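Letter by letter, the chains look like this.
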Amino acid sequence: MAKISTLQFTRRAEAGAECPLMDPLAPEQPLLGADGVQANLILLGTDSAVAKRHQQARAALMQSRLYASAFSQKTDKTEVAPEVTAEDVAEQEAAELDLLVALTVGWRGFEDDEGAPVPCTSATVRALYEQCPPIRAQALTFVTDRARFFAASATPSAPSLPIASA
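Parameters and conventions
- Residues numbered from 1 in each chain as written.
- Predicted model: local features only at pLDDT ≥ 70, side-chain atom pairs only at ≥ 80, totals over all residues.
- Heavy atoms only, no water.
- Helix = DSSP H or I, 4+ residues; strand = E, 2+ residues; numbered from the N terminus.
- Buried < 20%, exposed > 50% of the residue type's maximum accessible area, 1.4 Å probe, protein only.
- Contact = heavy atoms within 4.5 Å.
- Areas by Shrake-Rupley, 256 points an atom, 1.4 Å probe, with all protein chains shown as cover.
- Axes fitted to C-alpha atoms, helices over the stretch in contact; angles between N-to-C directions.
- Parallel < 35°, antiparallel > 145°, perpendicular 65-115°, else oblique.
- Expected span 1.5 Å × (residues − 1).
- pLDDT = per-residue confidence, 0-100.
- Arc of directions from axis to C-beta.
- Pairing = 2+ DSSP bridges.
- Left-handed = near helix turned anticlockwise from the far one by under 90°.
- Nonpolar A, V, L, I, M, F, W, Y, C, P; charged D, E, K, R; others polar.

Novice: Hey, could you run me through the overall build of the protein in this one?
Specialist: Within the protein, the secondary structure is distributed over five helices and five strands. Shown N-terminal to C-terminal, the secondary structure of the protein runs as helices and strands in the order α-β-β-β-β-α-α-β-α-α. Across the 166 residues of the protein, 23% fall into the buried class. Pairs at least 24 residues apart make up 66% of the contacts formed inside the protein by residues separated by at least 6 positions. Counting only carbon and sulfur atoms, one obtains 59% of the accessible surface of the protein, whose full area is about 11,700 Å².

Put into structure tokens, the structure is as follows:
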């Protein structure tokens, strides 16, 4: 049987988890700093309160647009389906970036050209994600994988029953 205490997704997402980064130029190798330490992002999960606030704000905006479109005055009797524009796609990408920046609460292993540690701020995180899409992709993949926020289970799952065919 599943223990309720093992299903606390929100609590685990709020605690955050370390995302070890792989080298964008050699994806099978870790991204290492000059000191040989692997660079890591510390990320909140998509079940966190931060993520929920971003998702709710985005949903509210989209619903408002849908209602405005559905109830707008028609100038003629023909209905034309609204088109998705390049600006719409850019806005969606910006919303995704905003969410990733908000979910990034720390990092290790990032340094400037002089070897000094770079502080993890919204501005430095945004610059990293904008300038290095492969790191952004790693962060997005990580935050959407709920299993990353859970340690290996101490209690095994119940065995699955075979499915009988008819």
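Novice: What should I look at first to understand the packing of helix α4 (residues 122–131) against helix α5 (residues 133–143) in this one?
Specialist: Any two packed helices are characterised by the angle at which their axes cross and by the distance between the axes. Their axes nearest at 5 Å, the elements α4 and α5 cross at an angle of 110°. As judged from the angle between their axes, α4 and α5 are roughly perpendicular. Between α4, through Leu-128, Tyr-129, Glu-130 and Gln-131, and α5, the contact on the second element is made entirely by Pro-133, Ile-135, Arg-136 and Ala-139.

Novice: How should I be thinking about helix α3 (residues 86–103) in this particular structure?
Specialist: Given 3.6 residues per turn, any residue in an α-helix points the same way as the ones three and four places further on. The end-to-end C-alpha distance of α3 is 26 Å, a good match for the 26 Å that 18 residues give at a rise of 1.5 Å each. Among all positions of α3, only Leu-97, Leu-99, Leu-100, Val-101 and Leu-103 are buried. Where α3 is buried, its residues meet β4 (40–43), α2 (49–70), β5 (104–108), α4 and α5.

Novice: Looking at this model, I keep getting lost on the confidence of the model for the protein. Mind explaining?
Specialist: Low pLDDT means the predicted coordinates in that region are not meant to be read closely. Averaged over every residue, the pLDDT of the protein is 84; residues scoring 70 or more account for 84%. Taken together, the stretch residues 153–166 has pLDDT below 50 and engages in two contacts with residues farther than four places along the chain or on a different chain.

Novice: Got a minute to help me understand α2 in this structure?
Specialist: Taking 1.5 Å per residue, 22 residues should reach 32 Å; α2 reaches 31 Å between its end C-alpha atoms and fits that length. Along α2, the residues that are buried comprise Val-50, Ala-51 and Arg-58. What you see down the axis of α2 is that its buried residues fit within an arc of 105°, all on one side. Opposite the buried face of α2, by more than 90 degrees, sit the exposed residues Arg-53 and Gln-56. Residues of α2 that are buried in the fold lie against α1 (9–15) and α3.

Novice: Teacher, can you tell me more about the pairing of strand β1 (residues 17–20) here?
Specialist: Within a regular strand, the side chains alternate between the two sheet faces. Residues Ala-17 and Cys-19 line the buried face of β1, whereas the alternating positions Glu-18 and Pro-20 sit on a face that is not buried. Bridge count for β1 against β4 is four bridges, and the pairing is antiparallel. Bridge pairing in β4 links Pro-20 to Asn-40.

Novice: Would you take a moment to explain the packing of α3 against α4 for this structure?
Specialist: Taken N-terminus to C-terminus, the directions of α3 and α4 make an angle of 130°; their axes are 9 Å apart at the nearest point. On the basis of their axis angle, the class for α3 and α4 is oblique. Crossing of α3 over α4 shows right-handed handedness. Counting all contacts with α3, which are made through Leu-97, Asp-98, Leu-100 and Val-101, the residues of α4 involved are Ser-122, Val-125, Arg-126, Tyr-129 and Glu-130. Along the lines of polarity and charge, the residues of the contact of α3 with α4 split into five nonpolar, one polar and three charged.

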